[in-house]
Amino acid sequence: MIEEINKHIADLEKIKLKDNDELEKFRIKYISKKGIVPFLFSKLKEIPDAQKREVGLKINSIKEKVNEILSKQKKKFTKTSSDQSFDDLTKPANFIKLGSRHPISIVKNKITDIFLKIGFDISEGPEIEDDWHNFTALNLPEYHPARDMQDTFYINKNPDWLLRTHTSSVQIRHMENNDPPIRTISPGRVYRNEDISARSHCFFHQVEGLYIDKGVSFVDLKQTLLHFTKELFGKSKIRLRPSYFPFTEPSAELDIYWGLQSEADYRITKGTGWLEILGCGMVDPNVLQNCKIDTEKFSGFAFGLGIERIAMLLYQIEDIRTLYENDLRFLNQFRSSI
Ligand code: DAH
């Protein structure tokens, strides 16, 4: 038996294989179920105990050599994709799996695109804010009851620091650093100390809009928002409901008429056909003065909206948490040119 094994080892040293067919025959000859290696192993029980170890090791070395030859030769015979393209230049290119944008980015880009086309620019601010930009300058002094409307994450190290609760803070930063006319749109992430559920999350995204110039009136606000809702939703029936925000006077909430065509429409509009989209108003003169803007000369409007809410409406997403789970089966459904 030892001799037989040695002969196989010697054979393997000399082996020459031309192509994949020969490689496959070689594989079958040695390691298929009825091949040489399993056969030798099956004979092992007939070997006297004293020699078993030595013989076993030798058979194993045959098996290892065979596997080594198989993997080396396989690499040699497998053509690379660039070789293949030389074979047939008319073949379609290999499929490259592209990623897709996150639905929040898609909606953010849609919104900013609409405003960029009508002369707005984009501005951004920090997510860690100070009290002045997030509250005080926006007409929300320290003990103002409206501060309760926002559950705030404060930063222990410095009681003046917090995670911004809205992108309205960027309004202030922008007005402090730029003279009117101002037309700016500020997308960004905001944080609130809220329980996580299908409808709310401890962070989300907003877009803030601000327009300051000579003689800006409520008419401009209404027309701008009408243009926006037509572009984004393809809906042209809107209404402005009186509301309250400390930084605008008068303040309003914008509803769009969504319609009542389907069962889902009844559900999302609670049977009214109307949907609340954003908060807005004429910038309160106190806010302008806080930013050293001459209220005799200038006036303006502002608005703020939640991106998740719009994304959930546009794509019929039922649970806000699916937007943050990064499940590729969900994310791969979003393909957009923007
Ligand atoms: N900051 C408000 C919020 O987080 C949204 C908002 C409402 C922004 C009215 C505005 C505005 O600029 O005028 O709920």
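Reading guide: rules and limits
- Residues numbered from 1 in each chain as written.
- Predicted model: local features only at pLDDT ≥ 70, side-chain atom pairs only at ≥ 80, totals over all residues.
- Heavy atoms only, no water.
- Salt bridge = Lys/Arg side-chain N within 4 Å of Asp/Glu carboxyl O.
- Helix = DSSP H or I, 4+ residues; strand = E, 2+ residues; numbered from the N terminus.
- Buried < 20%, exposed > 50% of the residue type's maximum accessible area, 1.4 Å probe, protein only.
- Domains from an automatic or database assignment.
- Pairing = 2+ DSSP bridges.
- Near = heavy atom within 4 Å.
- Polar contact = N/O pair within 3.5 Å; in protein donor to acceptor, adjacent residues only side chain to side chain.
- Areas by Shrake-Rupley, 256 points an atom, 1.4 Å probe, with all protein chains shown as cover.
- Nonpolar A, V, L, I, M, F, W, Y, C, P; charged D, E, K, R; others polar.
- Axes fitted to C-alpha atoms, helices over the stretch in contact; angles between N-to-C directions.
- Parallel < 35°, antiparallel > 145°, perpendicular 65-115°, else oblique.
- Contact = heavy atoms within 4.5 Å.

### Description of the pattern of salt bridges
If you walk through the whole model with that rule in mind, you get 16 salt bridges. R241 is the salt-bridge partner of D255, the closest N and O atoms lying 2.7 Å from each other. Separated by 14 residues along the polypeptide, D255 in strand β7 (residues 248–257) and R241 in strand β6 (residues 238–245) bring together distant segments of the chain. Look at D255 and you get buried, because its relative accessible area is 2%.

### What to know about the domain arrangement of the protein
Split by domain assignment, the protein resolves into domain 1 (2–84) and domain 2 (103–337). Here domain 1 and domain 2 have C-alpha centroids that lie 70 Å from each other.

### Thoughts on the sheet that holds strand β5 (residues 203–214)
Spatially, the seven strands line up as an open sheet ordered β1-β4-β5-β9-β8-β7-β6, and their pairing is mixed. Since the sheet does not close on itself, it has two edges, and those belong to β1 (121–122) and β6, each with one partner. With 10 bridges joining them, strand β4 (residues 182–191) and β5 adopt antiparallel strand pairing. If you follow G188 over to β5, its bridge partner there is Q206.

### Topic: the site of the ligand
The full set close to the ligand counts 16 residues, and H166, S168, R192, Q206 and E208 are the nearest of them. Contact distances for the ligand include 3.0 Å between a nitrogen atom and a side-chain N or O atom of S168. Protein contacts shield 91% of the accessible area of the ligand, which totals 350 Å² for the unbound molecule. Listed by contribution, the elements that provide at least two residues to the shell around the ligand are α8 (168–177), β5, β8 (274–283) and β9 (298–306). The residue inventory of the shell around the ligand, partitioned by class, reads five nonpolar, nine polar and two charged.

### A word on the packing of helix α2 (residues 20–31) against helix α3 (residues 36–43)
Two elements in contact, α2 and α3, have axes separated by 4 Å at closest approach and are oriented at 5°. With respect to α3, the element α2 is oriented roughly parallel. Together, K29, Y30 and I31 of α2 and I36, V37 and P38 of α3 make up the contact between the two elements. When its residues are assigned to classes, the contact of α2 with α3 shows five nonpolar, no polar and one charged.

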